[in-house]
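# Summary of the model geometry
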Amino acid sequence: GAMTTDLLILLVILGVTFALFVSNRFRLDLVAVAALLALFAAGLVDTDEALAGFSHPLVIMIAGLFVVGGGLFRTGVADAMGRWLERTAGRGIRSMMVSVMLVSAALSAFISSTGTVAVLIPVVMALARARKVSPSKLMIPLAFGSLFGGMLTLIGTPPNLIVSAARAEAGAGPFGFFDFTLPGLFMLAVGLAFFGFEAISSEPWSP
């Protein structure tokens with residue numbers, strides 16, 4: 001029946017959208033809008049439903065998050081933190097792991113974890129070569145640090161904003177900017193302790 005046909009069309013649109021996301025051949029925002037247009041063209045959503053998301057305050061907040069991230073890149077703050085990391089990371093593997101994690105967490109608290117990792121990868125690779133350690137010993141703390149950083153502030157990662165908006169709609173009020181900070185710092189401390197302990201058994205590496 002019509003219900004089965006609609007379901008099949010929906011599954012096809014979702015499948016194609018997912019495949020395009022995974023392929024990374026097109027900009028993700030263009031793929032998302034094309035999927036929305038396909039749903040509208042197929043009659044699976046009406047005009048009001050198709051446009052509803054654009055009027056949600058959350059969309060504007062996440063757009064603002066990208067503006068903040070762009071500002072940190074364009075003003076050189078992110079690059080400056082990378083250079084600071086090069087100067088201050090000690091020669092011991094534990095000191096380097098902790099420094100990388102702290103810098104990536106600090107950046108990721110205010111910009112996306114993807115942007116943080118992108119700007120720090122060249123710095124971390126250069127650090128690994130200069131100190132003659134395996135890059136993987138520093139890349140893993142970099143990745144984890146960026147994820148822990150997302151837990152530190154309301155804008156650390158878009159899911160924080162989504163949860164805050166859902167909480168507000170449920171009548172409990174939104175989260176404050178630093179409501180995530182204490183549990184986030186606890187998780188960061190656990191991560192630092194883990195990598196510090198892990199580093200004890202790490203041996204220097206040379207290519």
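Heads up: the structure comes first, above all this text.
Being a predicted model, the structure only gives us computed values, none of them experimental.

### Structural notes on the packing of helix α6 (residues 93-108) against helix α8 (residues 135-149)
The geometry of α6 relative to α8 is characterised by a closest axis approach of 7 Å and an angle of 30 degrees between their N-to-C directions. Note on packing geometry: the crossing formed by α6 with α8 is right-handed. Taken together, the residues of α8 that come into contact with α6 (itself represented by Ile93, Met96, Met97, Val100, Met101, Ser104, Ala105 and Ser108) are Lys137, Leu138, Pro141, Leu142, Phe144, Gly145, Ser146, Phe148 and Gly149. Split into classes, the residues belonging to the contact of α6 with α8 amount to 11 nonpolar, 5 polar and 1 charged.

### Some points on unusual backbone geometry
In terms of backbone geometry, most residues other than glycine have negative phi values and most peptide bonds are trans. For Lys132, which is not glycine, the phi torsion reads 55 degrees and is therefore positive. Of note, Lys132 is situated in the loop between α7 (113-131) and α8. Residue classification places Lys132 among the exposed positions, given a relative accessible area of 52%.

### Let's talk about the side chain of Ser108
The residue Ser108 is located in helix α6 in this model. With residues up to four places along the chain from it excluded, the contact list for Ser108 reads Ser113, Thr116, Ser146, Gly149, Gly150 and Gly156.

### As for helix α5 (residues 77-88)
One full turn of an α-helix is made of 3.6 residues, so residues set three or four places apart face in the same direction. The terminal C-alpha atoms of α5, which comprises 12 residues, lie 16 Å apart, in line with the 16 Å expected from a rise of 1.5 Å per residue. Buried residues of α5: Ala78, Gly82 and Leu85, and no others. Each buried residue of α5 lies within a common arc of 55 degrees when the element is viewed along its axis, so the set occupies one face.

### A closer look at the packing of aromatic side chains
Evaluation of the coordinates by the stated rule reveals 5 aromatic pairs. On the numbers, 6.4 Å between centres and 45 degrees between planes, the contact of Phe144 with Phe148 is tilted. Taken together, the positions of Phe144 and Phe148, both in helix α8 and 4 residues apart, correspond to about one turn of that helix. Residues Phe175 and Phe180 carry aromatic rings whose centres are separated by 5.1 Å and whose planes lie at 50 degrees to one another, so their mutual orientation is tilted. Taking relative accessible area as the criterion, Phe175 reaches 25% and is therefore assigned partly exposed. Through a chain of ring-to-ring contacts, the aromatic side chains of Phe144, Phe148, Phe194 and Phe195 assemble into a single cluster. Across from the ring centre of Phe175, 4.6 Å away, lies the NZ or CZ of Arg167, which sits over that ring.

### Structural notes on the nonpolar core
Ranked by size, the top nonpolar core spans 28 residues in total, and within it Leu85, Met96, Val100, Leu120, Val124 and Leu138 carry the most contacts. If you list the elements that add at least two residues to this core, you get α5, α6, α7, α8 and α10 (181-200). Broken down by element, the residue count for this core peaks at 8 residues, all from α6. Other than its neighbours up to four places away in sequence, Val124 contacts Leu85, Val100, Leu138, Met139 and Leu142.

### Overview of α7
The terminal C-alpha atoms of α7, which comprises 19 residues, lie 25 Å apart, in line with the 27 Å expected from a rise of 1.5 Å per residue. Of all the bends in α7, the greatest reaches close to 40 degrees and is centred on Leu120; the proline Pro122 follows between one and four positions later. Listed in full, the buried residues belonging to α7 are Gly115, Thr116, Val119, Leu120, Val123, Val124, Leu127, Ala128 and Arg131. Phi for Lys132, located one or two positions after α7, is positive at around 55 degrees.

What counts and how
- Residues numbered from 1 in each chain as written.
- Predicted model: local features only at pLDDT ≥ 70, side-chain atom pairs only at ≥ 80, totals over all residues.
- Heavy atoms only, no water.
- Axes fitted to C-alpha atoms, helices over the stretch in contact; angles between N-to-C directions.
- Helix = DSSP H or I, 4+ residues; strand = E, 2+ residues; numbered from the N terminus.
- Left-handed = near helix turned anticlockwise from the far one by under 90°.
- Contact = heavy atoms within 4.5 Å.
- Nonpolar A, V, L, I, M, F, W, Y, C, P; charged D, E, K, R; others polar.
- Buried < 20%, exposed > 50% of the residue type's maximum accessible area, 1.4 Å probe, protein only.
- Expected span 1.5 Å × (residues − 1).
- Arc of directions from axis to C-beta.
- Phe/Tyr/Trp six-rings, centres within 6.5 Å; stacked < 30°, edge-to-face > 60°.
- Lys NZ or Arg CZ within 6 Å of the ring centre and 35° of its normal.
- Core = buried A, V, L, I, M, F, W, Y, C linked by side-chain atoms within 4.5 Å.
- Bend = angle between axes of the 7 residues up to and from the residue.

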